[in-house]
Amino acid sequence: MAALEKVEEHRSHSGVQGVYRHGSTSTGTEMTFSVFVPEHEEGAKLPVLWFLSGLTCTHANVTEKGEYRAACAEHGVIFVAPDTSPRGEDVPDDEAYDFGKGAGFYVDATEQPWAKHFRMRRYVEQELPAILAEHFPVDIDRQGITGHSMGGHGALTIGLRNPDRFRSVSAFSPIVSPLNCPWGEKALGGYLGPDRDGWREYDACALIEDGSRLEHLLVDQGTGDDFLESQLKTHLLAEACEKAGMPVEIRMQPGYDHSYYFISSFMAEHVGWHAERLKD
């Protein structure tokens, strides 16, 4: 059994919002994550929705600003929010906000000095799901995943690589093609090295081009997002899905920016959308 430390728990919407810490075998550091468990019958197993956060964020950003608990309580969905990178005094970092701590990009790094600790793909895909199954009433056969910005990139790529695990995938203002934007080129080059062919498994558009498919995909993107043209490039995802014949609902939301004001405006809709697809 993985040892789990309770950092805090709060009663909310008749459920429990908690924050927990554990020693990670993936990153070699302590990792912190939050979980909301709605009220439920004893012995019941509930569907789970993962939320992956963006650059500079921790678990706390969506936990405090995401406004998901009422919807999760209504639909009976567990909500899980991991951190965005390993942390600690021995963990390497970069002076810029878009690389190093807070910017793990949900990859397993292969380049030094990052390879020892920056293994967020393994953490999210393997280690944390096992911990959740040990300690929380999750139904591992009913999982959805969503995320914002860098976390939207994580949700898309993890969902595309694991379509049998995640019944539903959505994203808020995701980085849809790290191969084709400055944030992605810096992160993937730094963590994975110069061979761009090795980056393709971390690029949603490339994964679709290479044959990966999703049955249910929803994307919300604000038209007032300062990063839309330079970093996010939503049109590339639309083009990749159209070329592949893969269904996708992309909603361009007029005037919304990149902030949690945007995310919280549509979070309840995303929770309900996932809940519909995670029914028994």
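What counts, and at which threshold
Residues numbered from 1 in each chain as written. Predicted model: local features only at pLDDT ≥ 70, side-chain atom pairs only at ≥ 80, totals over all residues. Heavy atoms only, no water. Phe/Tyr/Trp six-rings, centres within 6.5 Å; stacked < 30°, edge-to-face > 60°. Helix = DSSP H or I, 4+ residues; strand = E, 2+ residues; numbered from the N terminus. Buried < 20%, exposed > 50% of the residue type's maximum accessible area, 1.4 Å probe, protein only. Lys NZ or Arg CZ within 6 Å of the ring centre and 35° of its normal. 1 Å grid on protein atoms, 1.4 Å probe; cavity = no way out; pocket = protein on both sides within 12 Å on 5 of 7 lines; lining within 4 Å. Points joined across faces, edges and corners; volume = space filled by probe spheres on them. Nonpolar A, V, L, I, M, F, W, Y, C, P; charged D, E, K, R; others polar. Pairing = 2+ DSSP bridges. Salt bridge = Lys/Arg side-chain N within 4 Å of Asp/Glu carboxyl O. Axes fitted to C-alpha atoms, helices over the stretch in contact; angles between N-to-C directions. Contact = heavy atoms within 4.5 Å. Arc of directions from axis to C-beta.

Points about the packing of aromatic side chains
Applying the stated criterion across every chain, the model contains 15 aromatic pairs. Ring centres of Tyr 20 and Phe 136 lie 5.2 Å apart, and the angle between their planes is 65°; on these two criteria the pair is classed as edge-to-face. Here the residue Tyr 20 occupies a position in strand E2 (residues 15-23), and Phe 136 occupies one in the loop between helix H3 (120-135) and strand E6 (138-147), the gap between them amounting to 116 residues. In this structure, Tyr 20 and Phe 136 share a single accessibility class: buried. An aromatic cluster is defined as three or more aromatic residues linked by ring pairs; in this entry it consists of Phe 99, Trp 114, Phe 118 and Tyr 191. Here Arg 69 stacks its cationic end above the ring of Tyr 68, 4.8 Å away from the centre of that ring.

Remarks on the layout of surface pockets
By volume, the largest pocket is sized at about 180 Å³. Lining the largest pocket are Gly 54, Leu 55, Thr 56, Cys 57, Tyr 97, His 148, Ser 149, Trp 183, Phe 227, His 258, Ser 259 and Tyr 260. Tallied by class, the residues present in the lining of the largest pocket amount to 6 nonpolar, 6 polar and no charged.

Topic: the pairing of E2
Bridge analysis of strand E1 (residues 5-12) against E2 gives 7 bridges, and the strand direction is antiparallel. In the strand pairing of E2, Glu 9 is matched with Gly 18. A loop of 2 residues connects E1 with E2, the two strands running antiparallel in sequence, and His 13 in this loop sits at a positive phi of about 50°. Taken together, the 8 bridges between E2 and strand E3 (residues 30-37) define a ladder with antiparallel strand orientation.

As for the pattern of salt bridges
A pair can form between side chains of opposite charge whenever their charged atoms are brought close. Evaluated as defined, the whole model comprises 17 salt bridges. One salt bridge in this structure joins Asp 108 and Arg 122, with 4.0 Å as the shortest N-O distance. One end of the pair, Asp 108, is in the loop between strand E5 (78-82) and H3; the other, Arg 122, is in helix H3, and 14 residues separate them in sequence. Classification of Asp 108 as buried rests on a relative accessible area of 18%. The residue Arg 121 makes a salt bridge to Glu 201 at a minimum N-O spacing of 2.7 Å. You can see Arg 121 sitting in helix H3 and its partner Glu 201 sitting in the loop between helix H5 (182-192) and helix H6 (204-209), a full 80 residues away along the chain. We classify Arg 121 as buried; its relative accessible area is 18%. The class for Glu 201 is partly exposed, based on a relative accessible area of 34%. When salt bridges with common partners are traced through the structure, they connect Arg 121, Glu 125, Arg 161 and Glu 201 into a single cluster.

With respect to the sheet that holds strand E7 (residues 166-172)
Across the sheet, which stays open at both edges, the 9 strands sit in the order E1-E2-E3-E5-E4-E6-E7-E8-E9 with mixed pairing between neighbours. Edge strands, defined here as strands with exactly one partner in the open sheet, are E1 and strand E9 (249-253). Between one strand axis and the next, the sheet turns through 20° on average, direction left out of account. Along the sheet, helix H8 (residues 234-244) makes contact with strand E8 (217-222) and E9, crossing E9 at roughly 155°. Seen against the sheet, helix H9 (residues 260-277) touches strand E4 (46-52), E5, E6, E7, E8 and E9 and runs at an angle of roughly 165° to E7.

Regarding H5
Every buried residue belonging to H5 is among Trp 183, Gly 184, Ala 187, Leu 188, Tyr 191 and Leu 192, and all of these are buried. For H5, the arc enclosing every buried residue in end-on projection is 105°, short of the 170-degree limit, so these residues lie on one face. Where H5 is buried, its residues touch helix H7 (228-232). In the stretch just after H5, Gly 193 is the one whose phi turns positive, near 95°.

With respect to the pairing of E5
With 5 of 5 residues buried, E5 lies mostly within the body of the structure. Across the two faces of E5 the burial is the same, with Ile 78, Val 80 and Pro 82 and Phe 79 and Ala 81 all buried. Where E4 meets E5, 3 bridges bridge the pair, whose relative direction is parallel. Paired with Val 48 across the strands is Ile 78, a residue of E5.

Geometric values such as these leave the question of function open.
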